[in-house]
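Each chain is listed here by its residues.
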Amino acid sequence: ELLDYVKDFRDDTIFAIAQLLRLSLNRAGYNCVCTYDGIEAANLIERESFDLILLYIMLPGIDGFELMEYIRSTGIPVIFLTAKNAVADRVKGLRMGAEDYMVKPFDVLELLARVEVVLRRHGKLQTLLEVAGLQINTLSMQVLRKGVEIPLTRKEYELLLLFARNVAMGFN
């Protein structure tokens, strides 16, 4: 399960971005919980378990950098999502223990790829996908249909996996 934080739900633009991210993450097969306040986020982290946190820096209550101090002790990986693009901010976030730091605007497919990399690095990536009657084992790189293996080249497998993980996404 992923936790996505945004600045303030009263800011329609930020709220819309959060909802777009939630929709994109859900369509890619991830469960996502959103909260809009640093204090609320800290309380949620205390009560629930998460595989990854997407963390905005500019949060009311407790900002993302302060919250990162707390999150670091939990061992939950973090990707910062922010408009703060100064090198000093990026370095600060990474030195605090964030796995990655993405500056808005960013492409949703790039975010999904980075989420996948972090989850794989931490052994939390889904290893069996079922899409359109296919069973895709991401560890063995094997694709089955009705129990019968479908031989694919590496490139065919990578394309199939890309589409399977982003089945409801549009590509341009």
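Below: a short report on this structure. (Residues numbered from 1 in each chain as written. Predicted model: local features only at pLDDT ≥ 70, side-chain atom pairs only at ≥ 80, totals over all residues. Heavy atoms only, no water.)

### Section: helix α3 (residues 64–72)
G64, F65, L67, M68 and I71 are the residues of α3 that are buried. Considered in projection along α3, the buried side chains sweep an arc of 155° and stay on one side of the axis. Sitting at the amino-terminal end of α3 is D63, which places a side-chain oxygen 3.0 Å from the backbone nitrogen of F65. (Buried < 20%, exposed > 50% of the residue type's maximum accessible area, 1.4 Å probe, protein only. Helix = DSSP H or I, 4+ residues; strand = E, 2+ residues; numbered from the N terminus. Arc of directions from axis to C-beta. Polar contact = N/O pair within 3.5 Å; in protein donor to acceptor, adjacent residues only side chain to side chain.)

### Looking at the packing of aromatic side chains
Taken as a whole, this structure holds two aromatic pairs when the rule is applied. Relative to F80, the ring of F65 has its centre 5.5 Å away and its plane inclined at 65°; by these criteria the two rings are edge-to-face. Here F65, found in helix α3, pairs with F80, found in strand β4 (residues 78–82); they are 15 residues apart in sequence, far enough to count as distant. In this structure, F65 and F80 share a single accessibility class: buried. Aromatic pair F80 and Y101: ring centres 5.8 Å apart, planes at 55°, arrangement tilted. Residue F80 is located in strand β4, and its partner Y101 is located in strand β5 (residues 100–103); the two are separated by 21 residues in the primary sequence. Through a chain of ring-to-ring contacts, the aromatic side chains of F65, F80 and Y101 assemble into a single cluster. Between the NZ or CZ atom of K92 and the centre of the ring of F65, over which it lies, the distance is 4.3 Å. (Phe/Tyr/Trp six-rings, centres within 6.5 Å; stacked < 30°, edge-to-face > 60°. Lys NZ or Arg CZ within 6 Å of the ring centre and 35° of its normal.)

### A word on the layout of surface pockets
Taken as a whole, the largest pocket encloses approximately 270 Å³ of empty space. If you list the elements that add at least two residues to the lining of the largest pocket, you get α5 (108–121) and α6 (154–165). Among the elements that make up the lining of the largest pocket, the one with the highest residue count is α5 (six residues). For the lining of the largest pocket, the residue count by class is eight nonpolar, one polar and four charged. (1 Å grid on protein atoms, 1.4 Å probe; cavity = no way out; pocket = protein on both sides within 12 Å on 5 of 7 lines; lining within 4 Å. Points joined across faces, edges and corners; volume = space filled by probe spheres on them. Nonpolar A, V, L, I, M, F, W, Y, C, P; charged D, E, K, R; others polar.)

Purely geometric numbers; function is a separate question.
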